[in-house]
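# Structural features, examined
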Amino acid sequence: MTRPALFTLHLSLFTLLFLSSCTQTAWQHDDGLVFGTVYSISYEYDHSLRAEIEEALQTVDSEFSMFNDSSTVARVNRGEQVERSPMFEEVWELAQRVNRETWGAFDITVAPLVNAWGFGFKHEQMPTAEQVDSLLKIRSQLDFSAIAKGYGSDVVGRLFKAKGIKNYMVEIGGEVVTSGHNARGEEWRIGVIKPTETPDASGELQAILRMAGRAMATSGNYRNFYYKGGRRYAHTIDPRTGYPVQHNILSATVLADNCATADAFATAFMVLGLDSARLVLERHPELAAYFICSTDGDSLKVWQSAQLSKYLVNE
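Below or above, wherever it landed, is the structure these notes cover.

Rules behind the numbers
Residues numbered from 1 in each chain as written. Predicted model: local features only at pLDDT ≥ 70, side-chain atom pairs only at ≥ 80, totals over all residues. Heavy atoms only, no water. Helix = DSSP H or I, 4+ residues; strand = E, 2+ residues; numbered from the N terminus. Buried < 20%, exposed > 50% of the residue type's maximum accessible area, 1.4 Å probe, protein only. Contact = heavy atoms within 4.5 Å. Areas by Shrake-Rupley, 256 points an atom, 1.4 Å probe, with all protein chains shown as cover. Polar contact = N/O pair within 3.5 Å; in protein donor to acceptor, adjacent residues only side chain to side chain. Phe/Tyr/Trp six-rings, centres within 6.5 Å; stacked < 30°, edge-to-face > 60°. Lys NZ or Arg CZ within 6 Å of the ring centre and 35° of its normal.

### What to know about the overall build of the protein
Counting its regular elements, the protein contains nine helices and 12 strands. Burial analysis of the protein (315 residues in total) assigns 47% to the buried set. Intrachain contacts of the protein at a sequence separation of at least 6 include 59% that bridge at least 24 residues. Accessible surface computed for the protein: about 16,100 Å², of which carbon and sulfur atoms make up 51%.

### Thoughts on the environment of S71
When you line up the elements, S71 lands in the loop between α2 (50–64) and α3 (72–77). Not counting residues up to four positions away in its chain, the partners in contact with S71 are D61, S62, E63, F64 and S65. Here A74 takes part through its backbone nitrogen, which lies 3.2 Å from a polar atom of the side chain of S71.

### Quick notes on the packing of aromatic side chains
Here the structure, examined in full by the defined rule, presents 10 aromatic pairs. Taking NZ or CZ as reference, R84 lies 4.6 Å from the ring centre of W92, over its face.

### Re the side chain of R214
In this structure, R214 sits in the loop between β6 (205–210) and β7 (215–220). Exposure remark for R214: the relative accessible area of 10% places this residue in the buried category. Only 2.6 Å separates the side chain of R214 from the side chain of Y311, close enough to count as a polar contact. Not counting residues up to four positions away in its chain, the partners in contact with R214 are V176, V177, T178, L255, A256, D257, E286 and Y311.

Okay, structure coming up:
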């Protein structure tokens with residue numbers, strides 16, 4: 001090979017390597033506020049999609065946020081005539097399905113009862129038995145807060161899929177959607193926080209789950225509560241009785257194919273308690289669940305569904 005030819009070959013190889021390095025994708029990270037909480041999103045792409053992510057999240061917010069006076073749900077709750085969008089109908093239908101499959105434990109009309117017990121926009125109050133009975137009969141206010149964060153995570157995941165993005169993690173207020181691998185080329189692993197009543201706790205992990213492309217949501221009773229008359233009242237209200245639940249589940253973590261479904265079932269399981277939740281899980285093998293429960297002493301106990309074992313990281 002002559003020197004000019006050799007030089008041309010080296011130049012061609014250099015050009016290919018240069019072009020390859022220029023087109024190689026990088027990892028992006030965006031975070032911010034939505035639905036009264038924070039979001040954190042990591043994804044492999046050649047540029048930031050923050051504007052499109054925020055547009056997608058604002059669309060969800062404009063439908064379901066209780067903090068947005070102009071949202072569809074806020075307008076419905078004020079008695080205005082509102083044309084329901086396909087997004088609203090999708091979440092509404094999912095909420096009704098989970099309600100049927102959990103014997104009414106998941107109910108998006110529970111907001112008046114939540115407020116009456118001091119866990120909504122009012123704080124630490126005690127309704128009378130007559131007030132509870134009245135609210136059980138006339139509930140008309142919608143509240144999608146137990147499903148909106150999970151649905152928002154799904155919407156961002158759909159945005160990424162539409163752009164051909166295969167590796168990402170979307171987290172909104174603890175509700176998570178994953179796909180592919182992380183920036184180190186490893187499977188996504190998400191921790192389950194050990195329940196504690198201390199607001200500024202360090203966040204010790206009770207367990208680590210390998211996501212394998214699943215969605216995860218956690219509902220808990222260990223932070224939002226108050227004591228009155230020596231009795232503890234937690235924020236999870238049983239929509240069937242109108243009273244705060246009194247069983248020993250502190251947190252319920254659910255893995256599902258989409259985050260809205262995981263979010264709704266996690267809330268329902270907090271209402272049902274362990275025995276009834278196990279019956280639901282027997283009928284839904286597509287779900288995996290991890291429950292952390294209190295005991296008579298200071299220790300915790302864990303119950304997990306059979307499907308959960310393949311996601312649990314043993315370290």
